[in-house]
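Residues per chain, in single letters:
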Amino acid sequence: MKYFINTISALSFMALLIFASCGGDGGGDGPQSPGGAQADLLNGSWQIASVTFDNTPRNDTWGTDFTVSFSGASAGTDDIWGGNFNATGYSSDEPDAQTVWPSNGTWDFAGAGSSEVNTFTRNDGVTVSIVQVTESSLIVRFTIPDPSGRTDGVFDSEWNMEFTAN
């Protein structure tokens, strides 16, 4: 009887080892956070396709060379995602372009709350709504508050920018 109990115990232990060594599907540490998935879509270079300000087309002044690149996206404290951006290709016909979109800076989802991944805040304090982001298209909407209280120029009205993957 002792031999039988020892054999059953050994077989049970071996079965436990075999099942414990079986991993999942090899898919990593589980599903990616919403911030990580959205940051992955943003990451890359985006070339301007169209621009409107206060519902008025501005394609003629922005040209076609303006590009924004997002890079270095990572999860910071409390899994709040953010990274860097660089902008190039400003048109000389749009003198306030760097006020609208600075040539470089940082962004993160924290300005809108860590669970909100359809809005990010640039380091200049401008909150940008992501209307759409796919592997080939990015559409953003934002308003730049005027620090002087004026309501003309590039301030206090809505900017809509559509980009294509570059």
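Residues numbered from 1 in each chain as written. Predicted model: local features only at pLDDT ≥ 70, side-chain atom pairs only at ≥ 80, totals over all residues. Heavy atoms only, no water.

### As for the overall build of the protein
Each helix and strand counted, the protein has four helices and nine strands in total. Going from the N terminus to the C terminus, the protein shows its helices and strands as α-α-β-β-α-β-β-α-β-β-β-β-β. In the protein, which comprises 166 residues, the share counted as buried stands at 33%. Across the protein, the fraction of contacts at a sequence separation of at least 24, relative to all contacts at a separation of at least 6, is 46%. (Helix = DSSP H or I, 4+ residues; strand = E, 2+ residues; numbered from the N terminus. Buried < 20%, exposed > 50% of the residue type's maximum accessible area, 1.4 Å probe, protein only. Contact = heavy atoms within 4.5 Å.)

### Focus: the packing of aromatic side chains
Counted by the stated rule, this structure contains 12 aromatic pairs. Residues Phe70 and Trp107 carry aromatic rings whose centres are separated by 6.2 Å and whose planes lie at 85 degrees to one another, so their mutual orientation is edge-to-face. Here the residue Phe70 occupies a position in strand S3 (residues 67-75), and Trp107 occupies one in strand S5 (residues 104-108), the gap between them amounting to 37 residues. Like Trp107, Phe70 is buried. (Phe/Tyr/Trp six-rings, centres within 6.5 Å; stacked < 30°, edge-to-face > 60°.)

### Some details on the environment of Trp46
Take Trp46: it is sitting in strand S1 (residues 44-53). Trp46 gets classed as buried once you look at its relative accessible area, which sits at 2%. Linking Trp46 and Ala165, residues 119 residues apart in sequence, is a C-alpha distance of 4.7 Å. One polar contact links the side chain of Trp46 to the main-chain carbonyl oxygen of Leu42, over a distance of 2.9 Å. (Polar contact = N/O pair within 3.5 Å; in protein donor to acceptor, adjacent residues only side chain to side chain.)

### Examining the pattern of salt bridges
Within the structure shown, the criterion is met by three salt bridges. Across the salt bridge formed by Glu94 and Arg58, the nearest N and O atoms sit 2.7 Å from each other. With Glu94 in the loop between strand S4 (81-88) and helix H4 (97-100) and Arg58 in the loop between strand S2 (56-57) and helix H3 (59-62), the pair connects residues that are 36 residues apart, well separated along the chain. Using a relative accessible area of 4% as the deciding quantity, one classes Glu94 as buried. Exposure remark for Arg58: the relative accessible area of 18% places this residue in the buried category. Asp124 is paired through a salt bridge with Arg122; the nearest N and O atoms lie 2.8 Å apart. (Salt bridge = Lys/Arg side-chain N within 4 Å of Asp/Glu carboxyl O.)

### Here we look at the pairing of strand S8 (residues 137-143)
Of all seven residues that make up S8, five are buried, and the element is covered over most of its length. When strand S7 (residues 127-133) meets S8, the two strands line up antiparallel, connected through five bridges. Counterpart to Ile130 in the pairing with S8 is Val140. Here S7 folds back onto S8, and the loop between the two strands holds three residues. Pairing between S8 and strand S9 (residues 158-165): seven bridges, direction antiparallel. Across the sheet, Leu138 pairs through a bridge with Phe163, a residue of S9. (Pairing = 2+ DSSP bridges.)

### With respect to unusual backbone geometry
In this structure, Asn55 is a non-glycine residue whose phi angle is positive, near 65 degrees. On the secondary structure map, Asn55 appears in the loop between S1 and S2. The phi dihedral of Asp156 falls on the positive side, at around 60 degrees, and the residue is not glycine. Examined against the element boundaries, Asp156 turns out to sit in the loop between S8 and S9.

All quantities given are derived from atomic positions and should not be read as evidence of function.
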